[in-house]
Amino acid sequence: MRQFFRHRLGVIGIAMLLLAIVVAIFAPWIAPYDPYANVTITIDDIYQPPSAAHWLGTDDGAKDVFSALLYGARVSLVVGFAGALISVLVGGTIGIIAGYRGGWVGHGLMRFTDFFLVLPDLALLIVLVAIVGQSLRNIILVIGLLGWTTTARLIRSQTLSVRERKYVIRAKAAGAGDWYTLRRHVIPQVLPLALANTVLVVSLAIIAESTLAFLGLGDPLLISWGQMLNLGFTRGAVGAGAWWAMFPPGLAIVWVVLSVTLIGNALEDILNPKLGRHHLEPEVPVETPPPDVPVSADVLFQVRDLSVGFEVSSGVVTAVEDVSFEVPRGKVLGLVGESGGGKTTTALGALRLLPPNGRVLGGEVLLDGTDLTRLEEGALRELRWNRVSIIFQGAMNALNPVRTVGSQIVEAIRTHDESIGQKTALDRAGELLELVGMPKRRIESYPHELSGGMRQRSMIALALACGPDLVIADEPTTALDVMTQAQILDLLERLQEELSLAMVIVTHDLGIVNEACHDVAVMYGGKIVEKGPVARVFTDPQHPYTRLLLEAFPSLDHPGRRLASIPGAPPLLTAMPTGCRFAPRCPSAFERCREEEPHLYATSSGVAACFLADPIVVAGARND
Amino acid sequence: MTEPILTIRDLHIEFRGKQRHDVVRAVDGISLHLDRGEVLSLVGESGCGKTTTANAVLGLTTPTEGHISVAGIDIATADRKQMKAARAYMQMIAQDPYESLNPRMTIEDIVTEPLVVHGQQDDLRERALRALASAGLTPPEEFIDRRPHELSGGQRQRVVIAAALSIEPGLLIADEPVSMLDVSVRAGILNLLKQLADDKGIGVLMITHDLATVAAYSDRIAVMYLGRIVESGPTLDVIASPEHPYTRALLSVVPNHDPTVKTQPTLLVGETPDASNIPSGCRFHPRCPAAFEPCSQIDPVLLATSDDRTCACLLYAEVSSPA
């Protein structure tokens, strides 16, 4: 609800609609004249222009247009809301039954809906009203019974998706009946959507009523806006130049329909917050000239004090803080940690591939001495794929589903080197597929024709298309089967050695780090807590988090060993503990840990952000 | 010996495939049983039929052939009342704790849902508190009035378990109960399931692809490949000395995080074939590093290789058939 009031156009819509409703309810008190009253008139009273006595002039019957306008609101709104209510009730019921039951019932109901959907609405409306008679009740019924089709389709698709949700399946497995499932799970989930839809159906119903009345098929005993337009047209208002008899009802219709549409759009925005947003949009670079930064020759990729934040409603939350690491040529670094640790954000932030609300807050990302955080967009695009490429988690989402694997590789090759011909690029694409262990003919395949493992292989081929020096792989084997995972890891290791690539592997799996990486950086709460060669860090972890994570990780070498779990849960970005971020879950924490944040201390196996590695603490312990 | 709480005999489940005449044999003749207080892991890769088997037990999928009985009730022939009793006896724990809780409901409503569904309306709050405590959410008063989004992943999965426990079931069916959770909280959930089996005598059927994680928490293990059980036995025995070449390969590729241990992974070639196109003979033979000539013709049956182990492989066929 609060969300809604932040939506300015929605609030304007509500205000406009409220005004119309107030006017409709209080018409008899506001209106200066009673438009239903019989008055004796003279020719001079007809089509009088606006005056102090008649603010909007008079119509062909010498009636006050302003008063008629106020009374007209009643019919329009009553027909609009009552008609919409019928439509939504009918459509909602049919949609829910069709979606929930499925099978031939659902099928039959949807064919029935489709049949109604293709009928020409207006023509049918006119015929039906002509048959049943032009009373208000009949008009409401006819409009209501013709307007339910879109609602039915919408509600059906929502019901279908809710029906497949895990908690619905769980309830069914627990023995829940249909009525219970509908009442408890389906209807509450469908209702918000139905509400947003109702608003749009209201506007359609109002337009339908106006159209009917304008065509002379309204209730002849009632004043409505459409009726006013109809009378104006048929009784010479145009010829008499009496614009005041025509404009006000027209504007009133626009007013109400606009208000309802604004409300509907606002509701839609709130219910589908992701509408129209691109996930991985590059952000604007920091506009300062690139400084000359000396880097030692064998270090290819260096991240220095990188901080990344996300803009949220309450400000900016920092997701990654002062992260530094380096990757020498031909070496593999594992960035490991649990969800929320900041490992993926670090990788995406370094390449400026953050979601739209993500920002690099500070630090440098040096690729062969070029700072990626300061590069302008064109130069950065040039660099991506040519020098550095990324293998995303979930290859299905990263590959274009409507284009063949081959054409996507060709595109990558030719975008970065236009001198390469189509034929050469296609040959190269075939070679790349063979390199990743796929048959050459697969260049003709679409992503959906490939298995998960093949898709990931294509993704790797695509990443290698322009011969990068650095490859960043974000959870490259998550969601793959154990055997496929082993095959992909084996492939990555082989390619890394053959092409002497530098790699950053982002993963939660300590086993993958051990088998595929030279160095490891362990992240917790957006910071690196320990860093060093894998062989050292994993055999002699210095940070309690690393140690506990290793103990929590299963191993087939000790199959009978029960795993340890770390008490508590990772911290939220919005509520980082003071002092050491791991202190609340750390069995070794002491007072200092809760007050002061440890920096990285040198240890026997690298560096660790823990006071236990502080030389002063270490020396003190030795003296005890 | 008491009767098993779950018995599956010669279960077949077929689906219609993408093409008109394709038949997907998702489950192709499996048999297993689960005793009181026992944890049995059904292990295999995606598409091997393990989840389909679980769904059939839960009555969410109808078997094509075969027999499933839960606490003595035959699922196929059960009338409405018996089925309701069976559904109260077995409870499901789904993979994704983020999707398996209705975001609009309070923890109390979620936990008591099985009770409400089965018309047990008395002392709901009291029983919800007890179930939450049994699932390790202590003190339960602190959780009962919250909503799912206020909880962490591990806590949500404990809520799912509490919901299952509220009706005091005899059988838990846990489909990948920890695969969506962070490593640091997995052990807690698995310890809890094992403890429920040990202390309350609940039988747990665990469906998983992760051999290493379940190793310490299940009493027996059954390895599935393409709709069949290819090997079964006590977990530690199977892991220490796998018999079937598929089990051996699967165990060899589990990533190991100890740098001092060198592993020698056996990478299988290719991928698991489609269940609508099962290879002749032994269904594993096209990928099997140990395949020999008869493997492409003879479909090996699951035979006992010792007192408590079985294996479906021609390498062991001679051992058990004294010819």
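None of the values given here were measured: they were computed from a predicted structure.

Cut-offs used in this document
- Position numbers for residues count from 1 along each chain, tracking the sequence in the order it is written.
- Whichever chain is written first becomes A and whichever ligand is written first becomes 1, with later ones labelled in order.
- Owing to the predicted nature of the model, reporting of local features is limited to residues with pLDDT of at least 70; listing and counting of side-chain atom pairs is limited to 80 or more, with chain, interface and lining totals taken over all residues.
- What makes a nonpolar core is a set of buried Ala, Val, Leu, Ile, Met, Phe, Trp, Tyr and Cys residues, with links drawn between C-beta atoms within 7 Å.
- With C-beta atoms placed from the backbone, a residue is buried if 20 or more other C-beta atoms are within 10 Å of its own, exposed if 12 or fewer are, and partly exposed between those counts.
- A run of H or I in DSSP counts as a helix once it spans at least four residues, and a run of E counts as a strand once it spans at least two, with each numbered from the N terminus.
- Contact between residues is assigned whenever the C-beta positions, reconstructed from backbone atoms, fall within 7 Å.
- Two strands make a pair as long as DSSP finds a minimum of two bridges between them.
- Clockwise travel from the first strand over the helix to the second, with the strands pointing away from the viewer, marks a crossover as right-handed.
- Classes in brief: Ala, Val, Leu, Ile, Met, Phe, Trp, Tyr, Cys and Pro nonpolar; Asp, Glu, Lys and Arg charged; the others, Gly included, polar.
- Lines fitted to the C-alpha atoms define the axes, with helices restricted to the stretch that makes contact. Angles between their N-to-C directions range from 0 to 180 degrees.
- Here pLDDT means the predictor's own confidence in every residue, given as a number from 0 to 100.
- Any helix carries an expected span of 1.5 Å times its number of residues minus one.
- The reported arc concerns the directions from the helix axis to the C-beta atoms and nothing else.

**Things to note about the nonpolar core**
A general feature of soluble globular proteins is that nonpolar side chains tend to end up buried together.
At step 1: Grouped together as the largest cluster of nonpolar side chains are 276 residues, with contacts concentrated most on A:I409, A:I505, B:L132, B:A162, B:I173, B:L193 and B:L205.
At step 2: When residues of this core are assigned to their parent elements, the largest contribution, 17 residues, is made by helix α9 (residues 178–214) of chain A.
At step 3: Here A:I409 is in contact with A:A429, A:L432, A:A461, A:L462 and A:A465, once residues within four sequence places are set aside.

**A closer look at the pairing of strand β6 (residues 388–391) of chain A**
Residues and elements named next belong to chain A.
At step 1: Neither face of β6 is exposed, since V388 and I390 on one face and S389 and I391 on the opposite face are all buried.
At step 2: Alignment of β6 against strand β7 (residues 470–474), held across 4 bridges, turns out to be parallel. Bridge pairing in β7 places V388 opposite L470.

**Examining the pairing of β7(A)**
At step 1: The buried fraction of β7(A) amounts to 5 of the 5 residues, a majority that puts the element mostly inside the structure.
At step 2: For the segment spanning β7(A), helix α18 (residues 482–498) of chain A and strand β8 (residues 502–507) of chain A, crossover handedness is right-handed.

**Brief notes about the interface of chain B and chain A**
At step 1: Contacts between the two partners involve 53 residues from chain B and, on the opposite side, 54 residues from chain A.
At step 2: At the level of secondary structure, the elements contributing two or more residues to the side of chain B that touches chain A comprise α2 (80–89), β6 (90–93), α3 (107–117), α6 (183–200), α7 (211–214), α8 (235–240) and α9 (245–252) of chain B.
At step 3: Tallying contributions element by element places α6(B) first for the side of chain B that touches chain A, with 7 residues.
At step 4: Its residues assigned to classes, the side of chain B that touches chain A comprises 27 nonpolar, 15 polar and 11 charged.

**Remarks on the sheet that holds strand β5 (residues 73–74) of chain B**
Residues and elements named next belong to chain B.
At step 1: One open sheet accounts for 4 strands, arranged β2-β1-β4-β5; its pairing is antiparallel. With one partner strand each, in any of the chains shown, β2 (23–34) and β5 form the two edges of the open sheet.
At step 2: The sheet contact formed by strand β4 (residues 65–70) and β5 spans 2 bridges and is antiparallel. Within β5, the position partnered with V70 by the bridge is I73.
At step 3: Set on the sheet, helix α1 (residues 50–57) makes contact with β1 (6–16), β2 and β4; between it and β1 the angle comes to about 115°.

**Digging into the environment of A:P598**
Residues and elements named next belong to chain A.
At step 1: Within the secondary structure, P598 sits in the loop between α22 (591–595) and β11 (601–603).
At step 2: Once the C-alpha coordinates of P598 and C580 are considered, the two residues, 18 residues apart in sequence, prove to be 6.2 Å apart.
At step 3: If sequence neighbours within four positions are ignored, P598 has contacts with C580, A609, C610 and F611.

**Overview of the confidence of the model for chain A**
At step 1: Scored by pLDDT, chain A comes out at a mean of 84, with 93% of its residues at no less than 70.
At step 2: Confidence drops under a pLDDT of 50 for residues 273–294 of chain A, and excluding neighbours within four residues, the segment shows 29 contacts in the predicted structure.

**So, the sheet that holds strand β9 (residues 220–225) of chain B**
Residue and element names in this part refer to chain B.
At step 1: The strand order β6-β7-β8-β3-β9-β10-β12-β11 describes an open sheet built from 8 strands, whose pairing is mixed. Two strands lie at the open edges of the sheet, namely β6 and β11 (303–306), each paired on one side alone. The sheet shows a mean angle of 25° between the axes of neighbouring strands, taken without regard to direction.
At step 2: The pairing of β9 with strand β10 (residues 228–234) spans 6 bridges and is antiparallel. Paired with I221 across the bridge in β10 is G233.

**Re helix α16 (residues 422–435) of chain A**
Residue pairs spaced three or four apart in an α-helix point in one direction, given the helix's 3.6 residues per turn.
Residues and elements named next belong to chain A.
At step 1: For α16, which comprises 14 residues, the first-to-last C-alpha distance of 20 Å matches the rise-based estimate of 20 Å (1.5 Å per residue) to within 8%.
At step 2: All buried positions along α16 are accounted for by A425, A429, L432 and L433. The arc that holds every buried residue of α16, seen down its axis, measures 100°, which confines them to one face. In α16, the exposed positions that point more than 90 degrees away from the buried face belong to K423 and E431.

**Concerning unusual backbone geometry**
At step 1: Across the junction of B:T138 and B:P139, the peptide omega takes the value -10°, indicating a cis bond.
At step 2: By secondary structure assignment, the location of B:P139 is in the loop between α4 (124–134) and α5 (153–165).
At step 3: In the Ramachandran plot, A:D305 falls in the positive-phi region, its phi being about 50° despite a non-glycine side chain.
At step 4: Here A:D305 lies in strand β1 (residues 299–312).
At step 5: Residue A:D305 is classed as exposed on the basis of its C-beta count, with 11 C-beta atoms lying within 10 Å.
At step 6: Although it is not a glycine, B:A71 sits at a positive phi angle of roughly 50°.
At step 7: Within the element layout of this structure, B:A71 appears in the loop between β4 and β5.

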